[in-house]
Amino acid sequence: MIFDQLTRLKTYEGISKNIDFAIEYLLNNDISILPDGSYPIDGEKVIVNVMSYATKTLHEAAFEAHRKYIDIQILIGGEERCYCAPLDTLIASGSFDEEKDIGFYEGQAGVSFPLKTNNFVIFFPHDAHMPSCDLTGKSHVRKVVVKISL
């Protein structure tokens, strides 16, 4: 997991070609004006998903992880608390959905951090994550999740 300020996003170029492509897209486009939806920007290699939702309590949330995609998550409105734990410390709570590239897990909450509009987080396949949780109570969130293939 990488958690940092948006002003330092470019620092993380060089990890992979697909991450570089996503970072350049994020730096050169106004993602805040995109309506909710899914936008393939480099075929299935890099997909921008824009969503709006209300945050959840910790008891309503679940850890998730992906096998094919890395996530870059950026809030463009609101605030939330995210949790992260090493995937191998959790127990699967069902079958992994290969088509949707998502599995859900149970276990201890690991580390938590606030995600606000000046931050971003990158979750790798070994990072189980539980985003969308209440930070200081319910919050309406607009978020961009960039799915980056390995």
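Residues numbered from 1 in each chain as written. Predicted model: local features only at pLDDT ≥ 70, side-chain atom pairs only at ≥ 80, totals over all residues. Heavy atoms only, no water.

**Q** Mind showing me how you'd approach the packing of aromatic side chains here?
**A** The description of an aromatic ring pair rests on the distance of the ring centres and on the angle between the ring planes. Counting across every chain of the model gives 2 aromatic pairs. Between phenylalanine 3 and phenylalanine 113, the ring centres sit 4.7 Å apart and the planes meet at 45 degrees, which makes this aromatic pair tilted. Taken together, the residues span a long stretch of sequence, with phenylalanine 3 in strand β1 (residues 2-5) and phenylalanine 113 in strand β9 (residues 111-115) at a distance of 110 residues. Overall, the relative accessible area of 33% leaves phenylalanine 3 in the partly exposed class. Look at phenylalanine 113 and you get buried, because its relative accessible area is 6%. Measuring from ring centre to ring centre gives 5.8 Å for tyrosine 12 and phenylalanine 120, while their planes differ by 70 degrees; the resulting arrangement is edge-to-face. One end of the pair, tyrosine 12, is in the loop between β1 and α1 (17-28); the other, phenylalanine 120, is in strand β10 (residues 119-123), with 108 residues separating them in the sequence. In this structure, tyrosine 12 and phenylalanine 120 share a single accessibility class: buried. Geometry around phenylalanine 96 places arginine 67 over its ring, the cationic atom sitting 3.8 Å from the centre. (Phe/Tyr/Trp six-rings, centres within 6.5 Å; stacked < 30°, edge-to-face > 60°. Helix = DSSP H or I, 4+ residues; strand = E, 2+ residues; numbered from the N terminus. Buried < 20%, exposed > 50% of the residue type's maximum accessible area, 1.4 Å probe, protein only. Lys NZ or Arg CZ within 6 Å of the ring centre and 35° of its normal.)

**Q** Would you take a moment to explain the sheet that holds β1 for this structure?
**A** Paired through their backbone hydrogen bonds, the strands of a sheet run either parallel or antiparallel. Read across the open sheet, the 6 strands follow the order β1-β10-β5-β12-β3-β2; overall the sheet is antiparallel. Single-partner strands in this sheet number two, and they are β1 and β2 (37-42). Between one strand axis and the next, the sheet turns by 20 degrees as a mean value, whatever way the strands run. Here 4 bridges tie β1 to β10, and the two strands are oriented antiparallel to one another. (Pairing = 2+ DSSP bridges. Axes fitted to C-alpha atoms, helices over the stretch in contact; angles between N-to-C directions.)

**Q** What should I look at first to understand α1 in this one?
**A** An α-helical turn contains 3.6 residues, so any two residues separated by three or four positions project in the same direction. Between its first and last C-alpha atoms α1 spans 17 Å; for 12 residues at 1.5 Å apiece the expected length is 16 Å, and the two agree. All buried positions along α1 are accounted for by Asn18, Ile19, Ala22, Ile23, Tyr25 and Leu26. Relative to the axis of α1, the buried residues are bounded by an arc of 160 degrees and lie together on one face. Opposite its buried face, α1 presents the exposed residues Lys17 and Asn28, each directed more than 90 degrees away. (Expected span 1.5 Å × (residues − 1). Arc of directions from axis to C-beta.)

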